[in-house]
Amino acid sequence: MADKPATTLRVFFALWPDRALQTALHNLGNALNPDCGGRAVRQETIHLTLAFIAALPADRIEALYAAAARVDTPAFDWQVDLLGYWRRNQLLWAGARQPPEALTTLVGRLHAVLNDAGLAFDDSKPFVPHITLLRKARCKQLVQPPVALDWQVREFVLVQSEIAAGGADYRVMRRWPLG
């Protein structure tokens, strides 16, 4: 009898904004949609990815939880005050003119504990903190947002992604507070 293939989970670590910030970011994307076209990211799925793990064997989830629990970084605040557009990927995104050093530290420590635990993640590109607002966008000219949006980052999360007909469905699996 053949062994059944191991079940895998499509998961990623992220910063997950509160509902008010998700609403503000979603509204920003919708306001830019007439100029850029594309498809707005669903409000409830707006996030900032820290580390993407394409296919985690389900029996490694506890190791992933344990690795994340070893991340010890302070909470921080930052301002979302920049819009960007990646023509090749057709993504309109929001970010920060000056990402906080604490964000870079968080990502570095998270990647280090994942490596130490032998947990594979996509580190093929340098980390560029961004929050996707529109997919399949075709922006000709971007106007920067008139006001910055404040984000108080107090935790990071592990999210399970399941591909569905209308796009990906996300479920927060676990949360870790930042010190």
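Residues numbered from 1 in each chain as written. Predicted model: local features only at pLDDT ≥ 70, side-chain atom pairs only at ≥ 80, totals over all residues. Heavy atoms only, no water.

**Section: the overall build of the protein**
Turning to step 1, where the next piece is worked out: Secondary structure assignment for the protein yields 3 helices and 10 strands.
Turning to step 2, where the next piece is worked out: What you see in the protein, going N to C, is helices and strands ordered as β-α-β-β-α-β-β-β-α-β-β-β-β.
Turning to step 3, where the next piece is worked out: At 17 Å, the protein has a C-alpha radius of gyration in line with the 16 Å of a compact globule built from 179 residues.
Turning to step 4, where the next piece is worked out: Considering only intrachain contacts with a sequence separation of at least 6, the fraction spanning at least 24 residues in the protein is 78%.
Turning to step 5, where the next piece is worked out: Carbon and sulfur atoms make up 49% of the accessible area of the protein, which totals about 10,100 Å².
Turning to step 6, where the next piece is worked out: Averaging the positions of the 20 positive and the 17 negative side-chain charges in the protein gives two centres separated by 7 Å. (Helix = DSSP H or I, 4+ residues; strand = E, 2+ residues; numbered from the N terminus. Rg over C-alpha atoms; globule rule 2.2 N^0.38 Å. Contact = heavy atoms within 4.5 Å. Areas by Shrake-Rupley, 256 points an atom, 1.4 Å probe, with all protein chains shown as cover. Lys, Arg positive; Asp, Glu negative; His and termini not counted. Charge placed at Lys NZ, Arg CZ, Asp CG, Glu CD.)

**Section: the environment of S124**
Turning to step 1, where the next piece is worked out: If you trace the backbone, S124 turns up in the loop between α3 (101–116) and β7 (131–135).
Turning to step 2, where the next piece is worked out: Given the relative accessible area of 58%, S124 is considered exposed.
Turning to step 3, where the next piece is worked out: A polar side-chain atom of S124 sits 2.7 Å from a polar atom in the side chain of D122. (Buried < 20%, exposed > 50% of the residue type's maximum accessible area, 1.4 Å probe, protein only. Polar contact = N/O pair within 3.5 Å; in protein donor to acceptor, adjacent residues only side chain to side chain.)

**Describing the state of the cysteines**
Turning to step 1, where the next piece is worked out: In total, this model carries 1 disulfide according to the counting rule given.
Turning to step 2, where the next piece is worked out: Through a disulfide, C36 is tied to C139; the S-S separation comes to 2.2 Å. Here C36 and C139 share a disulfide; its torsion about the S-S bond, 120°, makes the bridge right-handed. Within this pair, whereas C36 is found in helix α1 (residues 19–36), its partner C139 is found in the loop between β7 and β8 (149–153), the two being separated by 103 residues in sequence. Here C36 matches C139 in class, with each residue buried. (Disulfide = S-S within 2.5 Å.)

Worth remembering: the numbers are spatial, not functional.
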